[in-house]
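Okay, here's what each chain looks like letter by letter:
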Amino acid sequence: MITTRLHPDKRTAAQAIAREMAELIVLRSKSGKPTVLGLATGSTPLPLYAELIRLRREEGLSFRSVITFNLDEYEGLGPEHPQSYRRFMEENFFAHVDVPKESIHIPDGLARDAARACADYEASIRAAGGIDLQILGIGRTGHIGFNEPPSSADSRTRRVHLDELTRRDNSVFFGDLAQVPHGALTMGVATILEARRVELIAFGEGKAEIVRRAVRETPSAACPATWLQRHPRCTFHLDAPAASRLQP
């Protein structure tokens with residue numbers, strides 16, 4: 001089921017989610033267990049990463065026991081490309097906290113054998129014990145990760161073709177639509193649903209309709225985010241504009 005939680009602004013939401021993540025990290029660390037986090041990119045999680053960095057800098061939160069798996073990566077972009085998600089994560093999070101380098105996992109956009117790379121990614125998640133907490137955004141097509149419609153509930157990490165709406169939305173980061181890759185490697189819907197907790201963040205009127213569909217529509221491949229209704233512990237963190245179409 002999906003639980004919705006309203007926040008007055010992005011900063012407040014980031015503080016709430018970061019505190020939950022910090023408590024989980026500390027609790028599992030005291031038990032001698034790693035915390036496996038599923039991470040997202042784009043503008044949506046930036047306030048969250050800023051708050052986690054603050055907790056590291058000002059409150060001494062350690063990420064030494066954390067293992068991370070990012071949702072996706074553009075096909076054809078290497079780690080040094082300015083718009084690669086590996087570069088994004090390094091600049092906006094990893095360079096400022098103490099996650100061990102060997103504990104960071106991001107799909108390889110330059111993999112010569114994408115199918116093998118995706119299967120290996122799934123195997124790495126299983127070897128780590130599964131994802132404890134997954135951070136998500138949501139695209140206007142209903143994609144979670146880069147699972148564009150149609151994406152089945154049993155889909156696994158794989159190569160996907162990006163919807164043109166997604167490419168147009170992301171072109172703001174590239175400066176030119178022609179520069180946006182047509183493909184990506186992404187965790188599958190089933191991979192995401194196996195996370196023990198899911199925290200989805202959506203803000204603004206532009207996300208109101210897709211949030212309504214994700215929460216209210218019957219789960220189907222036509223709107224991949226609707227599959228989250230089947231998750232036992234999924235929270236949508238919203239502001240009032242994003243939640244505006246959820247009223248009966």
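As shown above, the structure is provided for reference.
To keep things clear, this report deals only with the structure shown in the data block.

1. Quick notes on the packing of helix α1 (residues 10-30) against helix α2 (residues 46-59)
Next, step 1: One can describe the packing of α1 onto α2 by two numbers: an axis separation of 8 Å at closest approach and a directional angle of 55°. As far as their axial angle goes, α2 and α1 are oblique. As α1 packs across α2, the resulting crossing turns out to be right-handed. Contacts from Lys10, Ala14, Gln15, Ile17, Ala18, Arg19, Met21 and Ala22 of α1 reach α2 at Pro47, Leu48, Glu51, Leu52, Arg54, Leu55 and Glu59.
Next, step 2: Across the contact of α1 with α2, the residue classes tally to nine nonpolar, one polar and five charged.

2. Notes on the sheet that holds strand β1 (residues 2-6)
Next, step 1: The seven strands lie next to each other as β1-β10-β9-β6-β2-β3-β5, forming an open sheet whose pairing is parallel. What marks the edges here is a single partner per strand, and that holds for β1 and β5 (104-105).
Next, step 2: Direction of pairing for strand β2 (residues 35-39) relative to strand β6 (residues 133-136): parallel, over a ladder of two bridges. Its bridge partner being in β6, Leu37 is matched across the sheet by Leu133.
Next, step 3: Across the face of the sheet, helix α7 (residues 208-216) comes into contact with β1, β9 (197-202) and β10 (234-238) while running at roughly 160° to β10.

3. Thoughts on helix α5 (residues 164-174)
Next, step 1: For α5, the complete set of buried residues consists of Thr166, Arg167, Asn170, Ser171 and Phe174. Viewed along the axis of α5, the buried residues span an arc of 145°, placing them on a single side of the element.
Next, step 2: On the buried face of α5, the contacting elements are β4 (72-74) and α3 (85-92).
Next, step 3: Near the N-terminus of α5, the side chain that reaches the backbone nitrogen of Leu165, with its oxygen 2.8 Å away, is that of Asp163.
Next, step 4: Where α5 ends, the next residue or the one after it, Gly175, has phi of about 85°, a positive value.

4. What to know about the sheet that holds strand β8 (residues 183-186)
Next, step 1: Taken in spatial order, the three strands make up an open sheet running β4-β8-β7, and their pairing is antiparallel. One side of each edge strand has no neighbouring strand; the edge strands of this open sheet are β4 and β7 (158-161). Between one strand and the next, the sheet's axes are offset by a mean angle of 25°, whatever the strand orientation.
Next, step 2: Where β7 meets β8, four bridges bridge the pair, whose relative direction is antiparallel.

5. Some points on the pattern of salt bridges
When the charged atoms of two side chains lie near each other, side chains of opposite charge can form a pair.
Next, step 1: One pass over the full model with this rule turns up 22 salt bridges.
Next, step 2: For Glu209, the salt bridge identified is with Arg245, shortest N-O distance 3.2 Å. Placement of Glu209 in helix α7 and of Arg245 in the segment after β10 is noted, with a sequence separation of 36 residues between them.
Next, step 3: A relative accessible area of 29% places Glu209 in the partly exposed class.
Next, step 4: Salt bridges linked by common partners bring Arg19, Glu51, Arg54, Arg57, Glu58 and Glu59 together as one network.

6. Section: the pairing of β9
Next, step 1: Among the six residues in β9, six count as buried, and that is most of the element.
Next, step 2: A two-sided burial pattern is seen for β9, the buried positions comprising Arg197, Glu199 and Ile201 on one face and Val198, Leu200 and Ala202 on the other.
Next, step 3: As judged from the four bridges shared by β6 and β9, these two strands associate in the parallel manner. Looking across to β9, one finds that Gln134 is bridged to Val198.
Next, step 4: Of the pairings in the sheet, the one linking β9 to β10 comprises five bridges and is parallel in character. When the sheet's bridge partners are listed, Ala202 is paired in β10 with Leu238.
Next, step 5: Handedness of the crossover joining β9 and β10 through α7: right-handed.

Conventions adopted
- Residues numbered from 1 in each chain as written.
- Predicted model: local features only at pLDDT ≥ 70, side-chain atom pairs only at ≥ 80, totals over all residues.
- Heavy atoms only, no water.
- Axes fitted to C-alpha atoms, helices over the stretch in contact; angles between N-to-C directions.
- Helix = DSSP H or I, 4+ residues; strand = E, 2+ residues; numbered from the N terminus.
- Parallel < 35°, antiparallel > 145°, perpendicular 65-115°, else oblique.
- Left-handed = near helix turned anticlockwise from the far one by under 90°.
- Contact = heavy atoms within 4.5 Å.
- Nonpolar A, V, L, I, M, F, W, Y, C, P; charged D, E, K, R; others polar.
- Pairing = 2+ DSSP bridges.
- Buried < 20%, exposed > 50% of the residue type's maximum accessible area, 1.4 Å probe, protein only.
- Arc of directions from axis to C-beta.
- Polar contact = N/O pair within 3.5 Å; in protein donor to acceptor, adjacent residues only side chain to side chain.
- Salt bridge = Lys/Arg side-chain N within 4 Å of Asp/Glu carboxyl O.
- Right-handed = clockwise from strand over helix to strand, strands pointing away.

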